[in-house]
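So you can see what is in the structure, the chains are spelled out below.
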Amino acid sequence: MRLANKIALITGGSSGIGRGICHAFAKEGASIAFVGLNEEKGRKTEQELLDLGCDAFFIRSDLTDRKEVVSIIPKVIGRYGKLDVLVNNAHASKNVPIEETTEDIMDLSLNTGIWATFLLMKNALPYLKETKGKVVNFASGAGMEGLGNQASYAASKEAIRALSRVASNEWGKYGINVNVVCPLADSPGVQEWQDKHPHSYQKMVDLIPMRRLGDSEKDIGKSVVFLASDDASYITGHTLMVDGGAVKAR
Ligand SMILES: NC(=O)c1ccc[n+]([C@@H]2O[C@H](COP(=O)([O-])OP(=O)(O)OC[C@H]3O[C@@H](n4cnc5c(N)ncnc54)[C@H](O)[C@@H]3O)[C@@H](O)[C@H]2O)c1
């Protein structure tokens, strides 16, 4: 029960890696507010967490809308009165070459990525100061390696890493830790791609030193539990690769 009595806010918690993080946090005793776009998926995950005995609270919010983003922290504080852990996991993007990257495509990735992460961190700061809280942000090997067709995504993800380093420098004096996870996991999006392109999928898996994709709860969720726990109190400004050794760039 490494997160007993901790209040966590997790974005993109309805599905994929975010849902895995919610389950891992629930099993460590955290109370969880999680943000998602899809009401049905959100309610389903909320019920799963309640069934685990977790005090869970689904917040339907569209992170492309900055007014909605700034309404999230007051909702969490209204319900729980404090915040110990902020996990910025949600991100949406469309992968196309730079010449096909429209302003709308750029906006989608920057709004759900760097803007939502920045606004939630800024709005959470007064409460994180009170709890000496933890922030775990999500980036990607795609950003670190500058993968083709991912301009909007890579730019937003590397901006999140830069923001995290700045926050770790500014907020260390408050006892707040800010770290980044770069995952590799078989979320529904990856599973869909596997069904459509089994050969490309297998080629990708063969290139991962551990020869498998991560599990959203057991591999990624538990790593986030570690960074959110007191065990990681002297780690800040760090990017943790939870990707089976796939990306060596730092
Ligand atoms: N899956 C991987 O292997 C992998 C690799 C590198 C980085 N990542 C990063 O890890 C995180 C989770 O990845 P995933 O594979 O679970 O992604 P996913 O696409 O399966 O899920 C993303 C989540 O974000 C939420 N979301 C998307 N747009 C939203 C919006 N406008 N408003 C509110 N919520 C919104 C979705 O509801 C969903 O819960 C992301 O930041 C992703 O970029 C994943």
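Predicted model, so just to flag it, every value in this text is computed and none were measured.

Participant: I keep staring at the packing of helix 5 (residues 103–131) against helix 7 (residues 151–171) and nothing clicks. Help me out?
Facilitator: Any two packed helices are characterised by the angle at which their axes cross and by the distance between the axes. Relative to each other, helix 5 and helix 7 sit at 15°, their axes nearing to 8 Å. Viewed along their axes, helix 5 and helix 7 adopt a mutual orientation that is roughly parallel. Where helix 5 crosses over helix 7, the handedness of that crossing is right-handed. Between helix 5 and helix 7, the residues in contact are Ile105, Met106, Ser109, Leu110, Gly113, Ile114, Thr117, Phe118, Met121 and Leu125 and Ser152, Tyr153, Ala155, Ser156, Ala159, Ile160, Leu163, Ala167 and Trp171, respectively.

Participant: How do you make sense of the site of the ligand when you look at a structure like this?
Facilitator: Residues in close proximity to the ligand total 23 residues, the closest being Ile17, Asn89, Tyr153, Lys157 and Ser187. The backbone of Gly12 places a nitrogen or oxygen atom 3.0 Å from an oxygen atom of the ligand. One of the side-chain nitrogen or oxygen atoms of Asp62 is found 2.9 Å away from a nitrogen atom of the ligand. Coverage of the ligand by the protein chains reaches 83% of its 830 Å² of free accessible surface. The set of elements that each furnish at least two residues to the shell around the ligand consists of helix 1 (16–27) and helix 7. Its residues assigned to classes, the shell around the ligand shows eleven nonpolar, ten polar and two charged.

Participant: Sorry if this is basic, but what is going on with the pairing of strand 2 (residues 31–36) here?
Facilitator: Along strand 2, six of the six residues are buried, which leaves the element largely enclosed by surrounding structure. Because side chains alternate across strand 2, one face comprises the buried residues Ser31, Ala33 and Val35, and the other comprises Ile32, Phe34 and Gly36, equally buried. For strand 1 (residues 7–11) and strand 2, the ladder comprises five bridges, and the chain directions are parallel. If you follow Leu9 over to strand 2, its bridge partner there is Ala33. Following the backbone out of strand 1, through helix 1 and into the adjacent parallel strand 2, one traces a crossover that is right-handed. Bridging between strand 2 and strand 3 (residues 56–60) involves five bridges; their strand directions are parallel. Bridging across to strand 3, Ile32 finds its partner in Ala56. For the crossover that starts at strand 2, traverses helix 2 (residues 39–51) and ends in the parallel strand 3, the hand is right-handed.

Cut-off values and rules
Residues numbered from 1 in each chain as written. Predicted model: local features only at pLDDT ≥ 70, side-chain atom pairs only at ≥ 80, totals over all residues. Heavy atoms only, no water. Axes fitted to C-alpha atoms, helices over the stretch in contact; angles between N-to-C directions. Helix = DSSP H or I, 4+ residues; strand = E, 2+ residues; numbered from the N terminus. Parallel < 35°, antiparallel > 145°, perpendicular 65-115°, else oblique. Left-handed = near helix turned anticlockwise from the far one by under 90°. Contact = heavy atoms within 4.5 Å. Near = heavy atom within 4 Å. Polar contact = N/O pair within 3.5 Å; in protein donor to acceptor, adjacent residues only side chain to side chain. Areas by Shrake-Rupley, 256 points an atom, 1.4 Å probe, with all protein chains shown as cover. Nonpolar A, V, L, I, M, F, W, Y, C, P; charged D, E, K, R; others polar. Buried < 20%, exposed > 50% of the residue type's maximum accessible area, 1.4 Å probe, protein only. Pairing = 2+ DSSP bridges. Right-handed = clockwise from strand over helix to strand, strands pointing away.

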